[in-house]
Structure formats: structure tokens, C-alpha cells
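# Secondary and tertiary structure notes
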Amino acid sequence: MGRIEGKVALVTGAGAGIGRAVAQRLAAEGARVAVTGRSENNCRAVVAEILKANGEALYLALDVARESDWQDALKSLDESYGRLDILVNNAGITMSGRIEDTALKDWQQIMAVNVDGVFLGTKHAIPLMRRGGGGAIVNLSSVLGIAGSAMISAYTASKAAVRLFTKCAALECAADGIRVNSVHPAFIHTPMMEDTAIRLYGDVATGKAEFGKLHPVGHVGEPLDVANGVLHLVSDDSAFSTGAELVIDGGYTAQ
């Protein structure tokens, strides 16, 4: 039997990268997984991978920055599975540049996805989890939600907001048996990292090597590294953990 056998999970940004790995890992441990993301094709491919591995999954359309989408998605999930036990607020976008060159619309877009999306998901998951007797919410923050960095202020500010919002939600939800924790990865080899590598260094291989130097272990992480951490937080192995920060960073923040 899997560690989360029979649980129902919803993962945002699950079409690629960390979200894909999380969806697959949770399904492998027995959860029924709602896969959501910006690319329907990518998400349906993830669903197909889970089904091929004898897991259970479905695709739900969801723009995390739209409240009506959250309401519709959770209604559909309730109709299909009758409950929600696990929410992984993973969807996120990034941008870099000097503060003085950052357009307000770009700043607001980062906040809409990275912060509003986490808020809306948590807000609408709470009643469904409470009805089922509890649950676990994991919000993807970042090492840049703990330490600042030049040239990436909007992303850093958004991830810091996720970090503290998580603690507030944990305090509010504790009496309902809903645990809320955050995960703080450093550089992970995802499509987002590849895009950043190309933008800063011209190609993925060079960027990946340079990013690896930022970590005492000497390399960037893989999506499965984060997925394993998320699994721990949503399983009974972490039943006494709420409002906590799980840092998965190859020593990045220990320096």
C-alpha cells in the first residue's frame, strides 16, 4: 500500500518540471491526482503517463489567477472524487531585471500567478478539506523566499509572500486538521531553469553548470528531489509538521 493510498490530490502547474514530478510521485504512492496547468496537452500527457503506470488521474482546466477557475475546478473534483485531501500550489512564473526597469504590469503578473494563485487555491480548498476531516496543503516557495537576490525582485518578493502566507494559513487551519507547509527549492532542472539559463548564459548546458556552482553540493537539483519532499509533507510521516519550511537546496542557504 502506498503512503497516501486513497487520498485525492490536486497539483497546479503539473504539466512540466516540479509539478509533473509531484503529480507522478503522489500517484505512485496511491493518490488520485487532478493534474492542472497552462498547457492542456502537457497536462493530458502527464495524466496518460500516470494511467499507464496504473495510477489514477484526471485533467482539470485551471488558471490559478482566476477565482472562477478555482471554483469550477474544485466543483469538478468534488463531483469526480467526492473529496480533497492534498493541495500542492506549485504553479509559478519568473522574470529578471533591474527594479527600475520592471514594468508594473509584469510585477502584477508575477504576483497574480505566484501569490494570488496560492491564496485562491488555499481559500477554496479549505472548506472541501474541512468537510473531509482535514488535509495537507503544500505551497511551493523558493530559497529566494528566504534570502534576497539582485535582478529578480518580483519573483523574490512573491516567494517571500508565499512563505509567510503559509504560516498564517497553518495557524488558521490547525484546528480543522489541515496542515499547511512550504517547500523552498534552489535551482532545479526544469523548463523554467532552462529558459533562465538560455537568457543569462546563451545555452542550457552552460547555465546549468553555472547555476550548479551556487550550491555546495556542486550541481542543481532534479524535480524528483522536490517531489520526494512534497510527498513527505502530505503523508502521515509529517503529521506533526505545520507552518514549517522544507528547504531543498543543496546547501544554498547554508552559506
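As shown above, the structure is provided for reference.
Read on for a plain summary of the structure. Just so it is clear, the structure is predicted and the values come from calculations on it, not from any experiment.

### With respect to the overall build of the protein
What the protein contains, in helices and strands, is 8 helices and 7 strands. Taking 18 Å as the expected radius of gyration for a compact globule of 255 residues, we find that the protein reaches 17 Å, a close match to that expectation. A principal-axis box enclosing the C-alpha atoms of the protein has dimensions of 45 × 35 × 35 Å. Relative to its 255 residues, the protein shows a buried fraction of 49%. Restricting to contacts in the protein with at least 6 residues of sequence separation, those with at least 24 account for 70%. Carbon together with sulfur atoms contributes 53% to the accessible area of the protein, which is approximately 11,600 Å² in total. Side chains of the protein give 23 positive and 28 negative charges; the mean places of these two sets differ by 2 Å.

### Concerning the nonpolar core
Within the largest apolar cluster, 33 residues are counted, with the highest numbers of intra-cluster contacts made by Leu26, Val33, Val35 and Val230. Within the residue set of this core, elements represented by two or more residues are strand E1 (8–11), helix H1 (17–28), strand E2 (32–35), helix H2 (40–52), strand E3 (56–59), strand E4 (86–89), strand E5 (135–140) and helix H8 (223–234). Ranked by size, the runner-up nonpolar core spans 31 residues in total, among them Ile93, Met95, Met129 and Ala169.

### Here we look at helix H5 (residues 153–173)
If you check H5, its first and last C-alpha atoms are 30 Å apart, about what 21 residues at 1.5 Å a residue would give, namely 30 Å. The inward-facing, buried residues of H5 abut helix H4 (104–131), E5 and strand E6 (178–185).

### Some points on the sheet that holds E5
The 7 strands are arranged E3-E2-E1-E4-E5-E6-E7 in an open sheet whose pairing can be described as parallel. In this open sheet, the two edge strands, each paired with only one partner strand, are E3 and strand E7 (245–248). Pairwise comparison of adjacent strand axes, ignoring direction, gives a mean angle of 20° for this sheet. Docked against the sheet, H1 engages E1, E2, E4, E5 and E6, running at close to 170° with respect to E1. Strand contacts of H5: E5, E6 and E7, with the helix running at about 160° to E6, the strand carrying the most contacts.

### Let's talk about the pattern of salt bridges
Throughout the structure, instances matching the rule amount to 14 salt bridges. Each member of the salt-bridge network shares a partner with another, and the members are Arg163, Lys167 and Glu245.

### Describing unusual backbone geometry
Phi is positive for asparagine 54, close to 70°, though the residue is something other than glycine. Relative to the helices and strands, asparagine 54 is located in the loop between H2 and E3. Here methionine 151, not a glycine, exhibits a phi torsion of approximately 70°, which is positive. Here methionine 151 is to be found in the loop between E5 and H5.

Rules used in this analysis
- Residues numbered from 1 in each chain as written.
- Predicted model: local features only at pLDDT ≥ 70, side-chain atom pairs only at ≥ 80, totals over all residues.
- Heavy atoms only, no water.
- Helix = DSSP H or I, 4+ residues; strand = E, 2+ residues; numbered from the N terminus.
- Rg over C-alpha atoms; globule rule 2.2 N^0.38 Å.
- Buried < 20%, exposed > 50% of the residue type's maximum accessible area, 1.4 Å probe, protein only.
- Contact = heavy atoms within 4.5 Å.
- Areas by Shrake-Rupley, 256 points an atom, 1.4 Å probe, with all protein chains shown as cover.
- Lys, Arg positive; Asp, Glu negative; His and termini not counted.
- Charge placed at Lys NZ, Arg CZ, Asp CG, Glu CD.
- Core = buried A, V, L, I, M, F, W, Y, C linked by side-chain atoms within 4.5 Å.
- Expected span 1.5 Å × (residues − 1).
- Pairing = 2+ DSSP bridges.
- Axes fitted to C-alpha atoms, helices over the stretch in contact; angles between N-to-C directions.
- Salt bridge = Lys/Arg side-chain N within 4 Å of Asp/Glu carboxyl O.

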